Structure formats: C-alpha cells, structure tokens
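Each chain, written out:
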Amino acid sequence: QVQLVESGGGLVQPGGSLRLSCAASRSIFSFNFMGWYRQAPGKEREFVARMPSGGSFEYADAVKGRFTISRDNAKNTVYLQMNSLKPEDTAVYYCLGRDLLSGNFWGQGTQVTVSS
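Since the structure is predicted, the reported quantities are computational estimates derived from the model, not experimental observations.

Novice: Explain the nonpolar core here, please?
Specialist: Where a protein is soluble and globular, its nonpolar side chains tend to be buried together. Formed by 29 residues in total, the largest nonpolar core has its most connected members in Trp36, Leu80, Met82 and Tyr93. Breaking this core down by element, the ones donating at least two residues are strand 3 (18–24), strand 4 (33–39), strand 5 (46–52), strand 7 (67–72), strand 8 (77–82), strand 9 (91–99) and strand 11 (110–114). Broken down by element, the residue count for this core peaks at four residues, all from strand 3.

This is how it looks when you write it as structure tokens:
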C-alpha cells in the first residue's frame with residue numbers, strides 16, 4: 001500500500017514562509033506526477049502545484065511567483081516552499097501521487113493557517 005505523509009504545516013503570520021514536505025513510501029518517479037492540493041473550510045479541494053515525472057512544473061494562478069514545488073529523489077520526498085503567505089492561503093494542504101495504472105494516492109493533509 002502506497003503511503004504519502006505530509007508535514008511542515010503550522011501557524012504563520014501574513015508575509016511569512018513555510019515549507020511542506022511529502023514523503024512517499026516508494027520512488028516518486030514511479031508516479032506519473034506528484035502535486036499539492038488544498039482545501040479551505042467550506043470550499044472544494046483545489047489544485048496548487050504539480051510536478052510531472054517529465055515536463056514543466058505547473059502552478060495555480062493564485063500561487064504563481066510565491067510557491068515553489070521541488071523534490072529530493074534520494075529521500076522520495078516532494079516539497080512545497082510557500083513564501084509571502086496570505087490569509088487566503090489558509091487551508092489543509094494535501095499531497096497527491098498519481099499513477100495512471102493504480103490511481104490516485106492522497107496524504108492525510110497538513111493544516112496551514114495564515115493569521116496575525
């Protein structure tokens with residue numbers, strides 16, 4: 001069973017930074033892509049950023065220029081560096097690993113709260 005474990009969430013003031021981590025139980029290259037999604041209270045889960053196994057990284061318009069997705073192959077870990085955080089970034093952030101043969105794998109989520 002594939003496991004994705006997120007960490008790094010917390011409370012941060014507006015303008016601050018956080019780095020989220022997503023540790024996978026298998027090689028991240030075995031996924032067709034890995035990405036980050038978020039869900040704010042009362043809203044649907046939305047796309048934040050994704051990293052195909054080959055190809056360009058993609059970002060939601062709301063986070064372009066502020067968030068950066070990256071990976072450490074040796075650690076089977078994907079990161080989301082979040083800078084210039086805004087209150088509207090408050091949400092539970094989820095890691096997704098998509099395997100076209102096996103389907104989608106989600107982490108348990110990590111809470112990010114941006115507030116003064």
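Novice: Mind showing me how you'd approach the state of the cysteines here?
Specialist: Should the sulfur atoms of two cysteines be covalently bonded, the bond is a disulfide. All chains considered together, the criterion is met by one disulfide. Two residues share a disulfide in this structure: Cys22 and Cys95, whose sulfurs sit 2.0 Å from each other. Because the torsion about its S-S bond is -75°, the bridge between Cys22 and Cys95 counts as left-handed. Of this pair, Cys22 sits in strand 3 while Cys95 sits in strand 9; the two residues are 73 residues apart in sequence, bridging distant segments of the chain. Cys95 carries the same exposure label as Cys22, and that label is buried.

Scoring rules and cut-offs
- Residues numbered from 1 in each chain as written.
- Predicted model: local features only at pLDDT ≥ 70, side-chain atom pairs only at ≥ 80, totals over all residues.
- Heavy atoms only, no water.
- Core = buried A, V, L, I, M, F, W, Y, C linked by side-chain atoms within 4.5 Å.
- Buried < 20%, exposed > 50% of the residue type's maximum accessible area, 1.4 Å probe, protein only.
- Helix = DSSP H or I, 4+ residues; strand = E, 2+ residues; numbered from the N terminus.
- Disulfide = S-S within 2.5 Å.

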